[in-house]
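A closer look at the structure
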Amino acid sequence: MAQQANVGELLAMLDSPMLGVRDDVTAVFKENLNSDRGPMLVNTLVDYYLETSSQPALHILTTLQEPHDKH
């Protein structure tokens, strides 16, 4: 379900008041980060955090591991 949604839809659901939705979206982001080594998703998360001060986005960004921690 959520894996087929585009990044914009996932970002909108990241700040959902429903904890289950937020956890599912966070898991999708982490899966995508594990499978994609490019900086695009990280940059998108940084931009989203800067625009919204989203705590779930900050949590994902602060738990990044190699190779994304270099981006």
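Preceding this paragraph is the structure being described.
Here's what I pulled together on the structure shown here. Everything quoted here is computed from the prediction, not taken from an experiment.

A look at the overall build of the protein
- Counting its secondary structure elements, the protein contains four helices and zero strands.
- If you list the helices and strands of the protein from N to C, you get α-α-α-α.
- A separation of at least 24 residues holds for 54% of the contacts in the protein among residues at least 6 apart in sequence.
- Carbon and sulfur atoms make up 53% of the accessible area of the protein, which amounts to about 4700 Å² in all.

Observations regarding the packing of helix H1 (residues 7-14) against helix H3 (residues 40-52)
- The interhelical angle for the contact between H1 and H3, taken along N-to-C directions, is 45°, at an axis separation of 12 Å. Judged on the interaxial angle alone, H3 and H1 are oblique. Here H1 runs over H3; the crossing is right-handed. Residues Val7, Leu11 and Leu14 of H1 touch H3, and the partners they reach there are Leu41, Thr44, Leu45 and Tyr48.
- Residue composition of the contact of H1 with H3, by class: six nonpolar, one polar and no charged.

Re unusual backbone geometry
- Backbone geometry places Ser53, a non-glycine residue, at a positive phi of 55°.
- Along the chain, Ser53 turns up in the loop between H3 and helix H4 (55-62).
- Residue Ser53 is classed as partly exposed on the basis of its relative accessible area of 46%.

About the criteria used
- Residues numbered from 1 in each chain as written.
- Predicted model: local features only at pLDDT ≥ 70, side-chain atom pairs only at ≥ 80, totals over all residues.
- Heavy atoms only, no water.
- Helix = DSSP H or I, 4+ residues; strand = E, 2+ residues; numbered from the N terminus.
- Contact = heavy atoms within 4.5 Å.
- Areas by Shrake-Rupley, 256 points an atom, 1.4 Å probe, with all protein chains shown as cover.
- Axes fitted to C-alpha atoms, helices over the stretch in contact; angles between N-to-C directions.
- Parallel < 35°, antiparallel > 145°, perpendicular 65-115°, else oblique.
- Left-handed = near helix turned anticlockwise from the far one by under 90°.
- Nonpolar A, V, L, I, M, F, W, Y, C, P; charged D, E, K, R; others polar.
- Buried < 20%, exposed > 50% of the residue type's maximum accessible area, 1.4 Å probe, protein only.

This is a description of form; function is not addressed.
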